[in-house]
Amino acid sequence: MTAAANSVPWEFQHPMVGEATFPVEEVRRDFPILHQQVYGHPLVYLDNAATSQKPRAVIDAISHYYERDNANIHRGVHFLSEHATEEHEAARRTVQRFLNAADKREIIFVRSATEGINLVAQTYGRKHVGAGDEVVITAMEHHSNIVPWQMLCEEKDARLRVIPINDRGELMMEELPKLLSKRTKLLAVTHVSNALGTITPLRKIIEIAHSHGVPVVVDGAQAVPHLKVDVQELDCDFYVFSGHKVYGPTGIGVLYGKRALLEAMPPYQGGGDMIRSVTFEKTLYNDLPYKFEAGTPNIGGAIGLGAAIDYVNHLGIDNIAAHEHDLLIYATEALSAIPDIRIIGTAAQKAAVISFIIEGIHPHDIGTILDRSGIAIRTGHHCAQPVMQRFRIPATARASFAMYNTRGEVDALVEGIQKVKEVFA
Ligand code: PLP
């Protein structure tokens, strides 16, 4: 444990290593975008929860695809089409191994985590949720894991129930069994909160939900870049994530679903590729995973995502997690020492996300002034307005860390915050 960790104002539960054990400077060299000046200062990119930067390997994989391999996939008899199809399917196998899914047919390529959740709501949800039924979510969800369920409940005259959170931003697990009943048809929960950094006790939640016969959809958008995810060990029914938060490109995401559930679900969108045969009388749908992949997919995006996962695997997700945790501890201690700062989200289990407010200074002002020093953070409600309502604040400033961030960058953040405070003194 680092010396700094001892004085963190609350107790974290996570193994730690010092920064020195992670080759962060080598990693930084792999990310071309990091080596630039913003307003005359070296860029300090701390907006990773919104989207992470891309290593050269991902940029190269995408340009290589468009320079050498571009063709539409499936059914093509020519060389390029067959090659592109193979690369696209190789990316699917990479994702399968990354999540430890039992079968590659359980990996559906979608546009994003948002689309994955909407897919489940519009297919499984519309089939299984009826009038008077209930869908359970939590008070720390991103809007992407609230609104699709609200839309479904509105359409079906069903009810949305919410697991509350405590003042540390942890789920009040004692409330969960009380919310589950014969009417509950689905539980949707985030793995890591983007606004608070909280890591939810997923294994326990799934166990409890399953003991009531309730399937669980997991929003893994903020988890996959930071934690080892094993969908078989978790025993989740659905798991979604976005490529762009895990060092891959935008416009590509993944829905994992247990095969038996996916097989029994109606298709999502109609179009090419999702069919086996079409007549005006009747269409027969394709097998998994293609049944859920209508139209020409984001082929280059899937290949880029595969390259991003290879990059993460090469460094080791546990090593990345340990490095980021070191930054979390270091930054938490440094920010906590600044008078008038309040950290929003002090869960015992946290990913490297720090939301904070400074008494008397609007978060947007914090973000704008930091930006002039080249420091990119995010300010606002982080698409989690109910979290802001829970803490009775309009917004927070949020610094979120990735594998390429350093303690030096945390120092720059702290220095920047001191400047912000001077402006408002
Ligand atoms: N869920 C969480 C927890 C998120 O943080 C985000 C994005 O910030 C999303 C879902 C939505 O991701 P996307 O916009 O890539 O679909």
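Calculation rules
Residues numbered from 1 in each chain as written. Predicted model: local features only at pLDDT ≥ 70, side-chain atom pairs only at ≥ 80, totals over all residues. Heavy atoms only, no water. pLDDT = per-residue confidence, 0-100. Contact = heavy atoms within 4.5 Å. Near = heavy atom within 4 Å. Polar contact = N/O pair within 3.5 Å; in protein donor to acceptor, adjacent residues only side chain to side chain. Areas by Shrake-Rupley, 256 points an atom, 1.4 Å probe, with all protein chains shown as cover. Nonpolar A, V, L, I, M, F, W, Y, C, P; charged D, E, K, R; others polar. Helix = DSSP H or I, 4+ residues; strand = E, 2+ residues; numbered from the N terminus. Expected span 1.5 Å × (residues − 1). Buried < 20%, exposed > 50% of the residue type's maximum accessible area, 1.4 Å probe, protein only. Arc of directions from axis to C-beta. Phe/Tyr/Trp six-rings, centres within 6.5 Å; stacked < 30°, edge-to-face > 60°. Lys NZ or Arg CZ within 6 Å of the ring centre and 35° of its normal. Pairing = 2+ DSSP bridges. Axes fitted to C-alpha atoms, helices over the stretch in contact; angles between N-to-C directions. Salt bridge = Lys/Arg side-chain N within 4 Å of Asp/Glu carboxyl O.

Novice: Would you mind going over the confidence of the model for the protein with me for this structure?
Specialist: Do not read the predicted coordinates in detail wherever pLDDT is low. Of the residues in the protein, 95% have a pLDDT of 70 or more, and the chain-wide mean is 95. Scored below 50 in pLDDT, residues 1-6 makes 10 contacts in the model with residues more than four places away or belonging to other chains.

Novice: Which parts of the structure should I look at to understand the site of the ligand?
Specialist: Neighbouring the ligand are 14 residues; Thr114, Asp219, Gln222, Ser242 and Lys245 lie closest to it. Between the ligand and His142, the relevant distance is 3.4 Å, taken from an oxygen atom to a side-chain nitrogen or oxygen of the residue. Here an oxygen atom of the ligand sits 2.7 Å away from a polar atom, N or O, in the side chain of His244. Protein coverage of the free-state accessible area of the ligand, which is 390 Å², stands at 86%. Class assignment for the residues of the shell around the ligand results in three nonpolar, nine polar and two charged.

Novice: Explain helix H15 (residues 407-423) here, please?
Specialist: For an α-helix the count is 3.6 residues per turn, leaving residues at separations of three or four pointing the same way. Taking 1.5 Å of rise per residue, 17 residues should cover 24 Å, and H15 covers 25 Å from first to last C-alpha, within 8% of that figure. Of the positions making up H15, those classed as buried are Glu409, Val410, Leu413, Val414, Gly416, Ile417, Val420 and Lys421. Seen from one end, H15 has its buried residues packed into an arc of 160°, which puts them on one side. Residues of H15 that are exposed and point more than 90 degrees away from the buried face comprise Glu415, Glu422 and Val423.

Novice: Whenever I open this one, helix H3 (residues 56-69) confuses me. Can you help?
Specialist: For H3, spanning 14 residues, the distance from its first C-alpha to its last is 18 Å, which sits close to the expected 20 Å at 1.5 Å a residue. Taken together, the buried positions of H3 are Val58, Ala61, Tyr65 and Asp69. Burial along H3 is one-sided: seen end-on, the buried residues are contained in an arc of 65°. In H3, the exposed residues that point more than 90 degrees away from the buried face are Glu67 and Arg68. Looking at the buried residues of H3, the elements they touch are helix H4 (79-99) and helix H11 (299-315).

Novice: Looking at this structure, how should I read the side chain of Thr94?
Specialist: As for its placement among the helices and strands, Thr94 is situated in helix H4. Thr94 has contacts with Gly306, Ile309 and Asp310, leaving out every residue within four places of it along the chain.

Novice: Which parts of the structure should I look at to understand the packing of aromatic side chains?
Specialist: By the definition in use, this model includes six aromatic pairs. Relative to Tyr247, the ring of Phe31 has its centre 5.9 Å away and its plane inclined at 65°; by these criteria the two rings are edge-to-face. Placement of the pair is Phe31 in the loop between helix H2 (24-29) and strand S1 (37-38) and Tyr247 in the loop between strand S9 (238-242) and strand S10 (253-257), with a sequence separation of 216 residues. Per residue, the accessibility class of Phe31 equals that of Tyr247, and both read buried. Of the aromatic side chains, those joined through ring pairs into one cluster are Phe31, Tyr247, Tyr311 and Tyr404. Over the ring of Tyr39 we find Arg372, and its NZ or CZ is 4.1 Å from the ring centre. A cation over an aromatic ring shows up here: Arg390 above the ring of Phe391, its NZ or CZ 5.3 Å from the ring centre.

Novice: Would you explain the sheet that holds strand S16 (residues 378-380) in this entry?
Specialist: What links the strands of a sheet is backbone hydrogen bonding, and the strands pair in either a parallel or an antiparallel sense. Taken together, four strands build an open sheet; the order of strands is S13-S14-S17-S16 and the sheet is antiparallel. Both outer strands of the open sheet, strand S13 (341-344) and S16, are each paired with one neighbouring strand and no more. Neighbouring strand axes in the sheet, compared pairwise and without regard to direction, differ in orientation by 30° on average. Pairing of S16 with strand S17 (residues 396-400), which is carried by three bridges, proceeds in the antiparallel orientation. Opposite Arg378, over in S17, you have Arg398 as the bridge partner.

Novice: Before we go on, may I ask you to explain the environment of Ile343 in this structure?
Specialist: Locating Ile343 in the fold gives a position in strand S13. For Ile343 and Asp318, which are 25 residues apart along the polypeptide, the C-alpha to C-alpha distance reads 26 Å.

Novice: Mind showing me how you'd approach the pairing of S10 here?
Specialist: Burial analysis of S10 places five of its five residues in the buried class, the great majority of the element. Side chains Gly253, Leu255 and Gly257 of S10 all project onto a buried face; the interleaved residues Val254 and Tyr256 project onto the opposite face, where all are buried too. Relative to S10, strand S4 (residues 107-110) runs antiparallel, the two being bridged by four bridges. Paired with Phe109 across the strands is Val254, a residue of S10. Bridge count between S9 and S10: five bridges; the pairing is antiparallel. From the neighbouring strand, Ser242 faces S10, where its bridge partner is Gly253.

Novice: Would you mind showing me how to read the pattern of salt bridges here?
Specialist: When charged atoms on two side chains of opposite charge get close, those side chains can pair. Inspection of the entire model under this criterion finds 26 salt bridges. The closest approach of N and O atoms between Glu263 and Arg259, which form a salt bridge, is 3.1 Å. Note that Glu263 and Arg259 are positioned in helix H10 (residues 259-264) at a spacing of four residues, about one turn of the helix. Residue classification places Arg259 among the partly exposed residues on the basis of a relative accessible area of 32%. Residues joined by salt bridges that share partners form a network here, namely Glu89, Arg92, Lys104 and Glu293.

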